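Coordinate analysis (summary)
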Amino acid sequence: MARTLGDVIGSFIPEAAAPAAERRRICIPVAAGDVLVAAIAWNLSVEISRAGAPCTLIVAPAEDDGGLWPPAGPGPLGSRLVRGRAGSLATSAAAAGLPASAVELECLSEGLRAETRAQPERWLLFSSPDPTQLRRVHDQILELAANTPKRPNRPDRPDKPEQPDRPEIRIGVTIHGVRRIAEAQAAFEELAVAVESVSDVALASYGLLVDDLHLYRAIVAQRPIGLAHPAAPATRALADVARLLLDDLEADTQ
Amino acid sequence: MSDLRDRLAHRAPSLRVIADQVLAETRRIDCVAVELDGAVVAVLDAEPDDLTTVARALAAIEWLTPRLPDWCQLAPELGIDSSLPVRALLLARKFDPDTVAAARRIGTETLSLVTESRAAAASGPNATENAPETIPTAPEGPTALSNPVESLPSRPSATVAPRLGFRTGLRDADLGLSEQSG
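Because the structure is predicted, anything quoted here is derived from the model rather than measured.

1. Some remarks on the overall build of chain A
Summing up its helical and strand segments, chain A has 9 helices and 10 strands in all. Burial statistics for chain A: of 254 residues in total, 49% are counted as buried. Considering only contacts within chain A whose residues lie at least 6 apart along the sequence, 70% involve residues at least 24 apart.

2. Focus on the overall build of chain B
In terms of regular secondary structure, chain B is built from 5 helices and 5 strands. For chain B, the succession of helices and strands along the chain, N to C, is α-β-β-β-α-α-β-α-β-α. Excluding contacts between residues fewer than 6 apart, the proportion of contacts in chain B whose partners are at least 24 apart in sequence is 54%.

3. Some remarks on helix H6 (residues 181-198) of chain A
For an α-helix the count is 3.6 residues per turn, leaving residues at separations of three or four pointing the same way. Residue and element names in this part refer to chain A. For H6, with 18 residues, the first-to-last C-alpha span of 26 Å sits near the 26 Å given by 1.5 Å per residue. Among the residues making up H6, those that are buried are Ile181, Glu183, Ala184, Ala186, Ala187, Phe188, Glu190, Leu191, Ala192, Val193, Ala194 and Val195. For H6, the secondary structure elements touched by its buried residues are strand E6 (122-127), helix H5 (131-146), strand E9 (170-176) and strand E10 (204-209).

4. Concerning the sheet that holds strand E1 (residues 16-23) of chain B
Strands pair in a sheet through their backbones, by hydrogen bonds, and they do so in one of two ways: parallel or antiparallel. Residues and elements named next belong to chain B. Ordered by their spatial adjacency, 5 strands build an open sheet running E1-E2-E3-E4-E5, and the pairing between neighbours is mixed. Two strands in the sheet have a free side with no partner beyond their single neighbour: E1 and strand E5 (111-115). Between one strand axis and the next, the sheet turns through 25° on average, direction left out of account. Relative to strand E4 (residues 87-92), strand E3 (residues 40-45) runs parallel, the two being bridged by 5 bridges. What sits directly across from Asp45, in E4, is Leu91. Contacts between helix H2 (residues 52-64) and the sheet are confined to strand E2 (28-34), E3, E4 and E5, with E3 contributing the most and set at about 150° to the helix.

5. Observations regarding the pairing of strand E1 (residues 24-29) of chain A
Residues and elements named next belong to chain A. Counting buried residues in E1 gives 5 out of 6 residues, a clear majority hidden from the surface. One ladder, built from 6 bridges, connects E1 with strand E5 (residues 103-108); its direction is parallel. Its bridge partner lying in E5, Cys27 is registered against Glu106.

6. Section: the nonpolar core
Grouped together as the largest cluster of nonpolar side chains are 74 residues, with contacts concentrated most on Ala39, Ala41, Leu105 and Leu191 of chain A. For this core, the element with the most residues is H6 of chain A, which contributes 10 residues. For Leu105 of chain A, the residues in contact, after removing those within four places along its chain, are Ile26, Ile28, Ala41, Leu44, Ser45, Cys55, Leu57 and Ile58 of chain A. By size, the runner-up hydrophobic cluster in this structure holds 31 residues, among which are Leu15, Val43, Ala57 and Leu113 of chain B.

7. Quick word on H5 of chain A
Residue and element names in this part refer to chain A. Helix length check: H5, at 16 residues, gives a terminal C-alpha distance of 22 Å against a target of 22 Å (1.5 Å per residue), a fit within 8%. Of all 16 residues in H5, 12 are buried, a share of seventy percent or more. For H5, every residue scored as buried is listed here: Pro131, Thr132, Gln133, Leu134, Arg135, Val137, His138, Gln140, Ile141, Leu142, Leu144 and Ala145.

8. Observations regarding unusual backbone geometry
One non-glycine residue, Leu77 of chain A, adopts positive backbone phi at about 60°. By the element assignment, Leu77 of chain A lies in the loop between strand E3 (73-74) and strand E4 (80-83). On the basis of neighbour count, Leu77 of chain A is assigned to the partly exposed category, with 17 C-beta atoms found within 10 Å. We note that Gln21 of chain B has phi near 50°; this positive angle belongs to a residue other than glycine. Structurally, the position occupied by Gln21 of chain B is in strand E1. Judged by C-beta crowding, with 11 C-beta atoms within 10 Å, Gln21 of chain B ranks as exposed.

9. A word on the confidence of the model for chain A
Residues and elements named next belong to chain A. On average, residues of chain A score 76 in pLDDT, and 68% of them are at 70 or above. Taken element by element, chain A is modelled with least confidence in helix H1 (residues 5-12), mean pLDDT 42, and with most confidence in E10, mean pLDDT 95. Confidence drops under pLDDT 50 across residues 1-21; counting only partners more than four residues distant or on other chains, this segment forms 17 contacts. Considering only residues more than four positions removed or in separate chains, one finds that residues 160-166, a stretch of pLDDT under 50, has 14 contacts.

10. Quick notes on the confidence of the model for chain B
Detailed conclusions should not be drawn from predicted coordinates in areas where pLDDT is low. Residues and elements named next belong to chain B. Confidence along chain B averages 73 in pLDDT terms, with 70% of residues attaining 70 or more. The low-confidence segment residues 118-149 (pLDDT under 50) makes 79 contacts with residues lying over four places distant or belonging to another chain. Every residue in residues 154-159 is under pLDDT 50, and counting partners more than four places away or in other chains gives 7 contacts. Reported confidence for the predicted complex is 0.78 by ipTM and 0.58 by pTM.

11. A look at the pairing of E9 of chain A
All names here are of chain A. Most of E9 is tucked away: 6 of the 7 residues are buried. The pairing of E9 with E10 spans 4 bridges and is classified as parallel. Following the sheet pairing, Gly172 is matched in E10 by Ala204. The parallel pair E9 and E10, bridged by H6, forms a crossover whose chirality is right-handed.

12. Quick look at the packing of H5 of chain A against H6 of chain A
Residue and element names in this part refer to chain A. Put simply, H5 and H6 touch, their axes get as near as 10 Å, and they point 35° apart. Seen along the crossing, H5 lies across H6 with a hand that is right-handed. Between H5 and H6, the residues in contact are Leu134, Val137, His138, Ile141 and Leu142 and Ala187, Glu190, Leu191, Ala194, Val195 and Val198, respectively. Its residues assigned to classes, the contact of H5 with H6 comprises 9 nonpolar, 1 polar and 1 charged.

13. Notes on the environment of Asp98 of chain B
Residue and element names in this part refer to chain B. Mapped onto the elements, Asp98 comes out in helix H4 (residues 97-106). For Asp98, a count of 11 C-beta atoms within 10 Å gives the class exposed. When the C-alpha atoms of Asp98 and Leu51 are compared, they prove to be 7.3 Å apart, with 47 residues separating the residues in sequence.

Cut-offs and rules
Residues numbered from 1 in each chain as written. Chains lettered and ligands numbered in written order. Predicted model: local features only at pLDDT ≥ 70, side-chain atom pairs only at ≥ 80, totals over all residues. Helix = DSSP H or I, 4+ residues; strand = E, 2+ residues; numbered from the N terminus. Buried ≥ 20, exposed ≤ 12 C-beta atoms within 10 Å, placed from the backbone. Contact = placed C-beta atoms within 7 Å. Expected span 1.5 Å × (residues − 1). Pairing = 2+ DSSP bridges. Axes fitted to C-alpha atoms, helices over the stretch in contact; angles between N-to-C directions. Core = buried A, V, L, I, M, F, W, Y, C linked by C-beta atoms within 7 Å. pLDDT = per-residue confidence, 0-100. Right-handed = clockwise from strand over helix to strand, strands pointing away. Left-handed = near helix turned anticlockwise from the far one by under 90°. Nonpolar A, V, L, I, M, F, W, Y, C, P; charged D, E, K, R; others polar.

Right under this line is the structure:
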């Protein structure tokens, strides 16, 4: 029986068969010129792909980022980089004629966040243990929560009767630039408690990253750290973050 | 001055120190460091009530700024981006209200105040278990961004834990880290 390519492509590219609704989307705020977070996001997209979930990294149009990102197109291990504007970000992969990916990481600048009225449910933020950054991320989390639609309180939280609505948002934080795991844990817990003391957001922990300079050099060289240094501590830490993210995304779909 | 380098590595790990005790007009800059993006930062070890350190920081910025293009020619490997504005960072156990007010007026894009716990100041990076000391800050929430003392609201109690705990599948040994490192 004659068949078209469209009939069989799902057998060769499994992610092409995934309907758009099944894409799992995580947004990452990236400040203008923040090379480090850009490097982390790009390397993370490769590690997520390596873990078995082809990942598309969606970033601002080239003219807006000052050369922050590698060129658009297919990347290593099934990853992909796509450029798009707010409002079209969720569909930019489809608009570009590309197959849907198992996971989409959207990197949103301050301006793009303001434009995006349909707030995504899941955010991933990065902070070092430095008080300056922790404070900045703390305020960023409160801003995201304040701009997110509310949903009824969970019946399993009767201890919060004074807060009938909960932000419909899930925010995770990865601590980078640490020297010890205990340092990352202390920084995360300090941030999470500070956020919980003034909001109903329960921060999710997505591990830690070490060796920022290594990650930074990876994006400069446009070679992911997972390929350049597969056994490096920075790669192990990145793989652990990818695994934590995928575990949570998987749990959401069950 | 290695003590200041260690404390800086603990409180501002993204900074890379390129010079200690740099002689400016008449006084020395404790450390000159470079951010990941190439911006130069003058770092001064401050006393809580020493308002003159704020003036020293501004003088350091003024002295450094015109010299950066020359430094870039002489030592391009330093990774300095001379087009970015120089800023200053004061490191102290705490800052008195006058210093905070002065820094707020100057603006965080020019001057940052970074606090450290008493034990961290005394012991350097090995004292990371100590939570940052409580600092008088601006009201909580987004308005606190204008506060030059970059510190989180203190934890309500040492026994309070977040609803969702810290997660990692790794150990220090997996990352080439150890309890003694740091």
